[in-house]
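Structural features, examined
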Amino acid sequence: MIGRSAPACWIAVLSCGAFAAAGDPVRLDQIQVIGTHNSYHLAPHRNVAGLLGPRGRVAAQALDYTHRPLAEQFSELGIRQIELDVYADPEGGRYARPVARKILKGFRIDPGPDPDEGGRLRVPGLKVLHIQDFDFRSTVPTFLEALRQVHAWSVANPRHVPILVLVEAKDEAIPGLPTRPAPFGKADLDAIDAEIRSVFGPADLLTPDEVRGPHASLREAIRDRGWPALEGARGRVLFALDDEGDLRDLYLADHPSLRGRSMFVSVDPDHPAAAWMKVNDPIRDFDRIRRLVRDGFLVRTRADVDTAEARKDDPARREKALASGAQFVSTDFPEARPDLSPYRVRLPGEAIARSNPVSGDPARAGVDLEASTEPSPRDQARPAPGNTPGTVDSRHPGR
């Protein structure tokens, strides 16, 4: 239970459970924002995609989406959740020479840009890409570079609502592709945490330890006091491990309720580490998402999959995702692709963050919660951004 020493930002959950009451401070679970799926992704070069042939047309279409650089997504599109796929590469160079490029070069066909420009893939460390050997183009080829870009933008825009970064650790060998990813062991998962903390300081991160506070478990903390107030979390970043199953369990091993860890994980609602959930199908699991949100959990869902909705201009999944109350609604189309359709995913009124339709205060409907004149504790805890080139105040993103 909450004692006398509990920070004021936690008090909002006392008598109204997971729901906001008029005049209460907005909590992190009472907002909704738009995110991007595989946020680093650049569509394969046309000649690489052509290797799939006529039978692979559907697979090629599923990969035919391109995202802007991360800073542009934050500033120009109001994105507040991203996803990064990471591959272990302890020796360096494992993903530097994709087989698709070798095949095309053998036929004297242009393979497109070299992902190893400047030798950046030969340095040991986590790499960011979608599928080895084939779908390898990335705006941020290394995890460290991605983290630095997120951190630089966050410091330059200290009033932003918290950004969620999903991290998927990938080590699956794919039949027909010769490059076998390095397996993720405990040391490799530890390396993800280490790289995060090498870039983000304590004032930059919202961690499981902080959310848990004095409680025995994250689940207990969410039940008894909930997520922190939005004002106290502005300008911060939280991380979540996208993997479930064995990798998630390995990440939890020796870290009960994620003690000492940098990332949240998706587990059963009754698990001691339960705080954030991945529920990707808002149509099939619509009622489940709403229950989780009412119970105070953060949820990420997907508005579209494999470019299908954009090709048909089908809003059904998008509208379910938004209505579900999932705090993070992920898309491959934060802006329309005119060659496909007008389909895109934005919040009503082009807001960056709105009051959650399930757990938020109805009196704040129509208000963009990204904008605020109230001082935040983060403003004093972090360095001033200065005149950082290429940054835009997140309260006034270009459209």
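The shown structure was predicted, so the numbers you read here are calculated from the model rather than taken from an experiment. All chains use their own residue numbering, which begins from 1 and follows the written sequence. Totals for whole chains, interfaces and linings use all residues, but because this is a predicted model, local features are given only for residues with pLDDT of at least 70 and pairs of side-chain atoms are given and counted only at 80 or more. Note that the side-chain values use all heavy atoms of the structure and ignore hydrogens as well as water.

Concerning the overall build of the chain
When you go through the chain residue by residue, the secondary structure sums to 14 helices and ten strands. Per-residue burial over the chain gives 54% buried out of 399 residues. Residues are treated as being in contact if the distance between any of their heavy atoms lies within 4.5 Å. Partitioning the intrachain contacts of the chain with sequence separation of at least 6 by distance along the chain shows that 73% fall at a separation of at least 24. Looking at the chain as shown, the accessible area adds up to about 16600 Å², and 53% of this sits on carbon and sulfur atoms. Comment: elements are numbered from the N terminus, with helices defined as DSSP H or I runs of at least four residues and strands as E runs of at least two. A 1.4 Å probe rolled over the protein chains alone gives each residue an accessible area, and that area as a share of the maximum for its type sets the label: buried under 20%, exposed over 50%, partly exposed in between. A 1.4 Å probe and the Shrake-Rupley method give the accessible areas. Residues count as covered only by the protein chains that appear here.

Comments concerning the side chain of Asn 356
By the secondary structure assignment, Asn 356 is in the loop between β10 (353-355) and α14 (377-381). Residue classification places Asn 356 among the buried positions, given a relative accessible area of 3%. Side-chain polar atoms of Asn 356 contact the backbone nitrogen of Val 358, separated by 2.8 Å. Setting aside residues no more than four positions away along its own chain, Asn 356 makes contact with Asp 29, Gln 30, Ile 31, Gln 32, Val 293, Gly 325, Ala 326 and Gln 327. Whenever a nitrogen or oxygen atom comes within 3.5 Å of another N or O atom, the pair is scored as a polar contact, on the condition that within protein one atom can donate a hydrogen and the other can accept it, and that pairs from neighbouring residues in sequence are kept only if both atoms are in side chains.

Topic: the pattern of salt bridges
Note on pairing: side chains with opposite charge can pair once their charged atoms come close. For this document, the term salt bridge refers to a Lys or Arg side-chain nitrogen within 4 Å of an Asp or Glu carboxyl oxygen. Summed over all chains, the structure comprises 27 salt bridges. With a closest N to O distance of 2.8 Å, Glu 335 and Arg 68 form a salt bridge. Here Glu 335 is found in the loop between β9 (328-331) and β10, whereas its partner Arg 68 is found in the loop between α2 (57-62) and α3 (70-77), with 267 residues between them in sequence. Residue classification places Arg 68 among the partly exposed residues on the basis of a relative accessible area of 27%. The salt bridge partner of Arg 364 is Asp 361, with a shortest N-O separation of 3.3 Å. A relative accessible area of 7% means that Asp 361 is categorised as buried. Sharing partners across several salt bridges, the network here consists of Asp 64, Arg 311, Arg 337 and Asp 339.

Considerations on the confidence of the model for the chain
Of all residues in the chain, 87% attain a pLDDT of 70 or more, and the chain-wide mean is 90. Every residue gets a pLDDT, meaning the predictor's confidence in that residue, from 0 to 100. With pLDDT under 50 throughout, residues 1-20 is counted as low confidence; its partners more than four residues away or in other chains account for 42 contacts. A low-confidence stretch, residues 374-378 stays under pLDDT 50, and its non-local contacts, those more than four residues away or across chains, total 14 contacts.

Observations concerning the packing of helix α11 (residues 286-294) against helix α13 (residues 316-324)
Think of two packed helices as two axes; the pair is described by the angle between the axes and how far apart they sit. Interaxial angle, 0 to 180 degrees, is taken between N-to-C directions of lines fitted to C-alpha atoms, where a helix line uses only the stretch in contact. Remark: α11 packs on α13, axes separated minimally by 9 Å, with the N-to-C direction vectors making an angle of 25°. Taken together, the axis directions place α11 and α13 in an arrangement best described as roughly parallel. Between α11 and α13 lies a crossing whose hand is right-handed. Along its contact with α11, which presents Phe 286, Ile 289, Arg 290 and Val 293, the element α13 presents Lys 320, Ala 323 and Ser 324. Its residues assigned to classes, the contact of α11 with α13 comprises four nonpolar, one polar and two charged. Roughly parallel here means an angle under 35 degrees, roughly antiparallel means over 145, roughly perpendicular means 65 to 115, and every remaining angle is called oblique. We call a crossing left-handed when the near helix sits turned anticlockwise from the far one by less than a right angle, and right-handed when that turn is clockwise. Gly counts as polar in this scheme, as do all residues outside two lists: the nonpolar Ala, Val, Leu, Ile, Met, Phe, Trp, Tyr, Cys and Pro, and the charged Asp, Glu, Lys and Arg.

Some details on the packing of aromatic side chains
Centres within 6.5 Å make a pair out of two Phe, Tyr or Trp rings, where for Trp the six-membered ring is used; the pair is then stacked when the planes are under 30 degrees apart, edge-to-face when over 60, and tilted otherwise. Summed over all chains, the structure comprises five aromatic pairs. It is Arg 261 that lies over the ring of Tyr 251; its NZ or CZ is 4.0 Å from the centre. One residue, Lys 320, lies across the ring of Phe 286, its end atom 4.0 Å from the ring centre. Whether a charge sits over a ring depends on NZ of Lys or CZ of Arg being within 6 Å of the ring centre and within 35 degrees of the ring normal.

Notes on helix α6 (residues 186-199)
Side chains three or four residues apart in an α-helix point the same way, a direct result of the helix having 3.6 residues per turn. How far a helix is expected to stretch is found by multiplying one less than its residue total by 1.5 Å. With 14 residues, α6 extends 21 Å from end C-alpha to end C-alpha; this agrees with the ideal 20 Å at 1.5 Å per step. Burial in α6 covers these residues: Leu 189, Ile 192, Asp 193, Glu 195, Ile 196 and Val 199. Projected onto a plane normal to the axis of α6, the buried residues spread over an arc of 160° and lie on a single side. Facing away from the buried side of α6 by over 90 degrees, the exposed positions are Ala 187 and Ser 198. The directions from the helix axis to the C-beta atoms are what the arc is built from.

Considering unusual backbone geometry
Across residues other than glycine, the phi torsion is negative in most instances, and most of the peptide bonds are trans. The backbone phi angle of Asp 254 is positive, close to 70°, even though this residue is not glycine. By the secondary structure assignment, Asp 254 is in the loop between α10 (245-252) and β6 (263-265). The backbone phi angle of Ser 257 is positive, close to 55°, even though this residue is not glycine. Counting through the fold element by element, Ser 257 comes out in the loop between α10 and β6.

Description of the environment of Arg 248
With respect to the helices, strands and loops of the structure, Arg 248 is situated in helix α10. Separated by 59 residues in sequence, Arg 248 and Leu 189 have C-alpha atoms that sit 9.5 Å apart. If near-sequence neighbours (up to four positions away) are discounted, Arg 248 is found in contact with Leu 241, Asp 243, Val 265, Ser 266 and Val 267.

A look at the nonpolar core
Counting 84 residues, the largest nonpolar core has Phe 143, Ile 192 and Phe 239 as the members making the most contacts within it. Sorting elements by how many residues they give to this core places strand β4 (residues 163-169) first, with six residues. The residues touching Phe 143, leaving out its near neighbours within four places in the chain, are Leu 84, Val 86, Leu 126, Val 128, Val 167, Ile 192, Glu 195 and Ile 196. The criterion is simple. A nonpolar core is a set of buried Ala, Val, Leu, Ile, Met, Phe, Trp, Tyr and Cys residues joined through side-chain atoms within 4.5 Å. In terms of nonpolar packing, the next biggest core, distinct from the first, is built from nine residues, Leu 63, Ala 100, Phe 134 and Phe 136 among them.

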